[in-house]
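Letter by letter, the chains look like this.
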Amino acid sequence: MNPELLRRYLGYYQDLGFRHLYRRNQNRGAGALARGGPPGPPQPDFLPVPPAAGSPELLATIREDIGDCRRCRLHEGRAKIVFGSGNQQARLVFVGEGPGADEDEQGLPFVGRAGQLLTQMIEGTARKEGIPIQRKDVYICNVVKCRPPGNRTPLPDEMEICGQFLVRQLLAIRPKAICLLGATAVKALLLDRKEGVTKLRGNWYRWRDIPVMVTYHPSYLLRPYNQSAKREAWEDLKKVLHYVYD
Ligand code: SF4
């Protein structure tokens, strides 16, 4: 590979969040660049080919690249990969943690109880605020695309491996703002923030050059003792919707 092409590949992988790359086999060209990570069985070559300079990647290309993914252990218990859904040119993207049981079954994000609450929050707030949007106008996805066993929180290596797809989705859509739902989404995109969601929520941050709002995950809001958090989440959403659609 010529040095210029190698620089482009490495710059792209750095953009996707890969920090450690090593050369596994000198004779295998670009595919020989493999991700450093915890010891384990040999990983397949899974680094994507960067899109042509100046042309954003298509979501369909990213989905195709995921294929029948087995890049991390979460593939073992999943029924369906949950890539994301909504408007591919959305001005607003919501990022959650990972699929639950309903999502795993249907292959769609946020379709269970928490998803219904998210829909109500988006559409109810938009209606009240006179903003003519519905859920289908935004894009919704998760940090990991396969359901963690027992709905546990994704582990750091799973988030890192699958996180490349989230980064590529966001770079493909280039929304006007991103709304992070809960702590896992914050950990995935706001790497330098150590505070919890309660501290971070309601304020603007940045991922690359895109404004980011943090709020609670809807499944947290479903717990009966979290009524004040519900009010706060509604306020956060109001802020995001006005910023994006006014
Ligand atoms: S969680 Fe992501 S990286 Fe892991 S198997 Fe599923 S699609 Fe692949």
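Each residue is numbered by its place in its chain's sequence as written, counting from 1. Where totals are concerned, whole chains, interfaces and linings use all residues; where local detail is concerned, this predicted model gives features only for residues with pLDDT of at least 70, and gives and counts side-chain atom pairs only at 80 or more. Water and hydrogen atoms play no part in the side-chain values, which are based on all heavy atoms of the structure.

Engineer: Can you walk me through the packing of aromatic side chains in this structure?
Structural biologist: Both the distance between ring centres and the angle between the ring planes are used here to describe each pair of aromatic rings. Only Phe, Tyr and Trp rings are paired, with Trp represented by its six-membered ring, and only when their centres lie within 6.5 Å; those with planes under 30 degrees apart are stacked, over 60 edge-to-face, the remainder tilted. The final tally for this structure, using the stated rule, is two aromatic pairs. Relative to Y243, the ring of W204 has its centre 4.9 Å away and its plane inclined at 55°; by these criteria the two rings are tilted. Residue W204 is found in strand 7 (residues 204–207), and its partner Y243 is found in helix 9 (residues 227–245); the two are separated by 39 residues along the sequence. For the pair Y216 and Y220, a centre-to-centre distance of 5.1 Å together with 25° between the ring planes defines the contact as stacked. Burial classification: accessible surface area is computed with a 1.4 Å probe over protein chains only, and a residue below 20% of its type maximum counts as buried, one above 50% as exposed, and the rest as partly exposed. For Y216, a relative accessible area of 6% translates into the label buried. One cation-aromatic arrangement involves K176 over Y243; the distance from NZ or CZ to the ring centre is 5.0 Å. Runs of E in the DSSP output that reach at least two residues are strands. Runs of H or I that reach at least four are helices, and both are numbered from the N terminus. Distance and angle both matter: a charge sits over a ring if NZ of Lys or CZ of Arg is within 6 Å of the ring centre and within 35 degrees of the ring normal.

Engineer: Looking at this model, I keep getting lost on the pattern of salt bridges. Mind explaining?
Structural biologist: It is possible for side chains of opposite charge to pair when their charged atoms get near one another. The term salt bridge refers to a pairing of a side-chain nitrogen on Lys or Arg with a carboxyl oxygen on Asp or Glu at a separation within 4 Å. Counting across every chain of the model gives 14 salt bridges. The partner of D157 in a salt bridge is R73, with the nearest N and O atoms 2.8 Å apart. In this pair, D157 sits in helix 5 (residues 156–173) while R73 sits in the loop between helix 2 (59–66) and strand 3 (85–86), placing the two residues 84 residues apart along the sequence. A relative accessible area of 17% places D157 in the buried class. A salt bridge links K238 to E235; its shortest N-O distance comes to 3.5 Å. Here K238 pairs with E235, and both are found in helix 9, just three residues apart, close to one helical turn. Residues joined in a network through salt bridges with shared partners are E57, D65, R71 and R168.

Engineer: Explain the site of the ligand here, please?
Structural biologist: For this purpose, a residue is taken to be near a molecule or strand whenever a single non-hydrogen atom of the residue falls within 4 Å of it. Taken together, C69, R71, C72, L74, H75, R78, K145, C146, I161 and C162 make up the full set of residues adjacent to the ligand. Each residue receives one of three labels: charged for Asp, Glu, Lys and Arg, nonpolar for Ala, Val, Leu, Ile, Met, Phe, Trp, Tyr, Cys and Pro, and polar for the others, Gly being one of them. Of the residues in the shell around the ligand, the class split is six nonpolar, one polar and three charged.

Engineer: Even after reading the chapter, I still don't get the packing of helix 4 (residues 113–128) against helix 9, so can you show me in this structure?
Structural biologist: Relative orientation and spacing of two packed helices are given, respectively, by the angle between their axes and the distance between those axes. For the pair helix 4 and helix 9, interaxial distance at closest approach is 10 Å and the crossing angle is 55°. With respect to each other, helix 4 and helix 9 are oriented oblique. The crossing of helix 4 and helix 9 is right-handed. Of helix 9, the residues touching helix 4 (which contributes L117, M121, I122, T125 and A126) are K230, A233, W234, L237, K238 and L241. Classifying every residue of the contact of helix 4 with helix 9 gives eight nonpolar, one polar and two charged. Every axis corresponds to a line fitted to the C-alpha atoms, with the helix fit spanning only the stretch in contact, and the corresponding angles, defined between N-to-C directions, vary from 0 to 180 degrees. The scheme is simple: roughly parallel for angles under 35 degrees, roughly antiparallel for over 145, roughly perpendicular for 65 to 115, oblique for anything else. Left-handed describes a crossing whose near helix is turned anticlockwise from the far helix through less than a right angle; right-handed describes the clockwise counterpart. Every residue pair with non-hydrogen atoms within 4.5 Å of one another is taken to be in contact.

Engineer: Explanation requested: the sheet that holds strand 4 (residues 92–96) in the structure shown.
Structural biologist: To summarise the sheet geometry, strands pair through backbone hydrogen bonds and adopt either a parallel or an antiparallel arrangement. Any two strands with at least two DSSP bridges between them are considered paired. Spatial ordering of the open sheet is given by 3-5-4-6-8-7, a layout of six strands whose pairing is mixed. One side of each edge strand has no neighbouring strand; the edge strands of this open sheet are strand 3 and strand 7. Across four bridges, the pairing between strand 7 and strand 8 (residues 210–215) is antiparallel. In the sheet register, W207 faces strand 8, and the bridge partner there is I210. The sheet contacts of helix 5 involve strand 4, strand 5 (139–142), strand 6 (177–181) and strand 7, and relative to strand 5 the element is tilted by about 165°. Lying over the sheet, helix 9 contacts strand 4, strand 6, strand 7 and strand 8, oriented at roughly 165° with respect to strand 8.

Engineer: Any chance you could explain helix 9 here in plain terms?
Structural biologist: Given 3.6 residues per helical turn, the α-helix brings residues three or four places apart onto the same face. For a helix, the expected span equals 1.5 Å multiplied by the number of residues minus one. Here helix 9 contains 19 residues, and its C-alpha end-to-end distance of 27 Å stays within 8% of the 27 Å for a straight helix at 1.5 Å per residue. Every buried residue of helix 9 is listed here: A229, A233, D236, L237, V240, L241, V244 and Y245. An end-on view of helix 9 places all buried positions within 135° of arc, on one side of the element. The inward-facing, buried residues of helix 9 abut strand 4, helix 4, strand 6, strand 7, strand 8 and helix 8 (218–221). Here the arc refers to the directions that run from the helix axis out to each C-beta atom.

Engineer: In this structure, what is going on with the pairing of strand 5? I would like to understand it.
Structural biologist: Within a regular strand, side chains alternate between the sheet's two faces. Burial of the side chains of strand 5 extends over both faces: Y139 and C141 are buried on one face and I140 and N142 on the other. Direction of pairing for strand 3 relative to strand 5: antiparallel, over a ladder of two bridges. Bridging from a neighbouring strand, S85 pairs with I140 of strand 5.

Engineer: What should I look at first to understand the environment of G182 in this one?
Structural biologist: Inspection of the secondary structure puts G182 in the loop between strand 6 and helix 6 (183–189). Sequence separation of G182 and Y220 is 38 residues, and the distance between their C-alpha atoms is 8.3 Å. If we ignore the near neighbours within four places in the chain, the residues touching G182 are V197, T215, Y216 and H217.

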